[in-house]
Number of protein chains: 2
Amino acid sequence: MAETTFTAEPNRHDATTVSLIDAPLSAVYKAYTDADLYSQWWAPPELTVRVDRFEPVTGGSWRIVNVDADGNEYAFRGVFHEVSPERIVQTWEFEAMPGHVSLETVTFEEVDGKTKVTSHTVCQSIEDRDGLKDSGMEAHAPVGMNQLEKVAQSL
Amino acid sequence: MAETTFTAEPNRHDATTVSLIDAPLSAVYKAYTDADLYSQWWAPPELTVRVDRFEPVTGGSWRIVNVDADGNEYAFRGVFHEVSPERIVQTWEFEAMPGHVSLETVTFEEVDGKTKVTSHTVCQSIEDRDGLKDSGMEAHAPVGMNQLEKVAQSL
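Residues numbered from 1 in each chain as written. Chains lettered and ligands numbered in written order. Predicted model: local features only at pLDDT ≥ 70, side-chain atom pairs only at ≥ 80, totals over all residues. Heavy atoms only, no water.

K.L.:
Before we move on, could you go through the packing of aromatic side chains and cite the residues and values that matter?
P.N.:
Within a pair of aromatic rings, the relevant descriptors are the distance that separates the centres and the angle that separates the planes. All names here are of chain A. What the rule picks out here adds up to 28 aromatic pairs over all chains. On the basis of an interplanar angle of 85° and a centroid distance of 6.0 Å, the ring pair of Phe-54 and Phe-80 is categorised as edge-to-face. Here Phe-80 lies in strand S5 (residues 73–83) and Phe-54 lies in strand S3 (residues 48–54), a separation of 26 residues in the sequence. Of the two residues, Phe-54 and Phe-80, both sit in the buried class. Considering the side-chain rings of Phe-76 and Trp-92, the 6.4 Å spacing of their centres and the 75° angle between planes classify their relative orientation as edge-to-face. Here Phe-76 is found in strand S5, whereas its partner Trp-92 is found in strand S6 (residues 87–94), with 16 residues between them in sequence. Through successive ring pairs, a cluster of aromatic residues spans Tyr-29, Tyr-32, Tyr-38, Trp-41, Trp-42, Phe-54, Trp-62, Phe-76, Phe-80, Trp-92, Phe-94 and Phe-108. (Phe/Tyr/Trp six-rings, centres within 6.5 Å; stacked < 30°, edge-to-face > 60°. Helix = DSSP H or I, 4+ residues; strand = E, 2+ residues; numbered from the N terminus. Buried < 20%, exposed > 50% of the residue type's maximum accessible area, 1.4 Å probe, protein only.)

Here it is, written out as structure tokens:
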């Protein structure tokens, strides 16, 4: 199990997830930048994932749809500001709430053969940050990071 | 002269510029989405502007270089998350400070034949926001908005 902490202080625009993944940095980075691998870990396990677009390069775009058991679709999209082993910086928008965009920065650091993943998200408003936190970000953080670890360990 | 206010409360990630531009919304929007027009108003007047890339569409990228009298270059780049008359959402990075990215959201509203422009910027950290504010954002806001008004009025 990956050790994961989620931090979202009150009255701030940002939230941070830090996880120590028991896999090499190259494998973790691959799990972030390969559409098939990414779709295996990013969503809650009760949802299926359809990747409509995934261009993990600087200037690329992405659109990913989560589908629940009843066929309801939850679409997310954004653009990649930077994709490099140093950091991945991308925008996020839940299409059902247009105009609410967040900026995520993921950094990777090798620590004793493991990989420390820091995901920092900043929202346009404190209310958006609170909404994101309470609508699944906080609950999903350890689940997603465990899934990421499994995918990275399989490589 | 455009009426411009700049707000950056202490200990926050964001800053907001609001300006009432005495020109139609269509002209203001064009001044934001045409490379030649944009380069006429975005920079401080003592700098010349070179547009290396300007793709003002959802998913597009941009890179603009300001050049001072001594030939020193100050390059900025980012990606467009959304470009529509409703809002322009884009990332910003000063290339001399890699890894410090901000997210800007510009909205346009018609008010009695004028155009209210609201530019909201959120940074990855409070320190970045303070740095941006003090390195020219606050001082340039009214200058840039006046330049924008002139360009929009010329259309």
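K.L.:
Please give an account of the pattern of salt bridges that cites residues and values.
P.N.:
Counting across every chain of the model gives 22 salt bridges over all chains. Across the salt bridge formed by Asp14(B) and Arg12(B), the nearest N and O atoms sit 2.9 Å from each other. Since its relative accessible area comes to 8%, Asp14(B) is described here as buried. Connected through salt bridges with shared partners, the residues Arg50(A), Asp52(A), Arg63(A), Glu73(A) and Glu95(A) form a single ionic network. (Salt bridge = Lys/Arg side-chain N within 4 Å of Asp/Glu carboxyl O.)

K.L.:
Would you mind going over the pairing of strand S5 (residues 73–83) of chain B in detail, with residue names and values included?
P.N.:
For a regular strand, the rule is simple: side chains alternate between the two faces of the sheet. Residue and element names in this part refer to chain B. With 9 of 11 residues buried, S5 is to be regarded as a mostly interior element. Relative to S5, strand S4 (residues 61–67) runs antiparallel, the two being bridged by 7 bridges. The partner of Val-67 across the bridge, within S5, is Glu-73. What sits between the antiparallel neighbours S4 and S5 is a turn of 5 residues, in which Gly-71 has the positive phi angle 90°. Hairpin remark: S5 followed by strand S6 (residues 87–94), antiparallel, with 3 residues in the connecting loop. (Pairing = 2+ DSSP bridges.)

K.L.:
Kindly report on the relation of the copies chain B and chain A, identifying the contributing residues and their values.
P.N.:
Rotating chain B by 180° and moving it 0.0 Å along the rotation axis overlays it on chain A with an RMSD of 0.0 Å. Such values leave the two copies arranged in the relation of a two-fold axis. With an isologous cut-off of 70% or more, the 100% of interface residues of chain B that recur at the interface of chain A puts this contact in the isologous class. (Least-squares fit on C-alpha atoms with pLDDT ≥ 70 in both. Contact = heavy atoms within 4.5 Å.)

K.L.:
Kindly report on the packing of helix H1 (residues 25–33) of chain B against helix H3 (residues 126–153) of chain B, identifying the contributing residues and their values.
P.N.:
Residues and elements named next belong to chain B. Packing of H1 against H3 brings their axes to within 9 Å, and their N-to-C directions diverge by 110°. Relative to H3, the element H1 lies roughly perpendicular. Classified by chirality, the crossing of H3 by H1 is right-handed. Across from Ala-27, Val-28, Ala-31 and Tyr-32 in H1, the residues of H3 making contact are Met-145, Leu-148, Val-151 and Ala-152. Residue composition of the contact of H1 with H3, by class: 8 nonpolar, no polar and no charged. (Axes fitted to C-alpha atoms, helices over the stretch in contact; angles between N-to-C directions. Parallel < 35°, antiparallel > 145°, perpendicular 65-115°, else oblique. Left-handed = near helix turned anticlockwise from the far one by under 90°. Nonpolar A, V, L, I, M, F, W, Y, C, P; charged D, E, K, R; others polar.)

K.L.:
Account for the interface of chain B and chain A, with residues named and values stated.
P.N.:
Of the residues lining the interface, 28 residues belong to chain B; the matching set on chain A comes to 28 residues. The largest per-residue losses of area from chain B upon contact with chain A belong to His13(B), His81(B) and Gln124(B), which jointly make up 30% of the total buried on that side. Summed over the shared surface of chain B and chain A, the result is 12 residue pairs in polar contact (both at pLDDT 80 or more). Elements represented by at least two residues in the side of chain B that touches chain A include exactly S5, S6, strand S7 (101–111) and strand S8 (114–123) of chain B. Here the side of chain B that touches chain A takes 6 residues from S5(B), the largest share from any one element. Partitioning the side of chain B that touches chain A into residue classes produces 10 nonpolar, 12 polar and 6 charged. (Buried area = accessible area lost by both parts, 1.4 Å probe. Polar contact = N/O pair within 3.5 Å; in protein donor to acceptor, adjacent residues only side chain to side chain.)

K.L.:
Residues and numbers for the side chain of Thr105(B), please.
P.N.:
On the secondary structure map, Thr105(B) appears in strand S7. Among the residues examined, Thr105(B) registers a relative accessible area of 10% and is labelled buried. A distance of 2.7 Å separates polar atoms of two side chains, one belonging to Thr105(B) and the other to Gln124(A). Setting aside its immediate chain neighbours within four residues, Thr105(B) contacts Gln124(A), Ile88(B), Val89(B), Thr118(B), Ser119(B) and His120(B).

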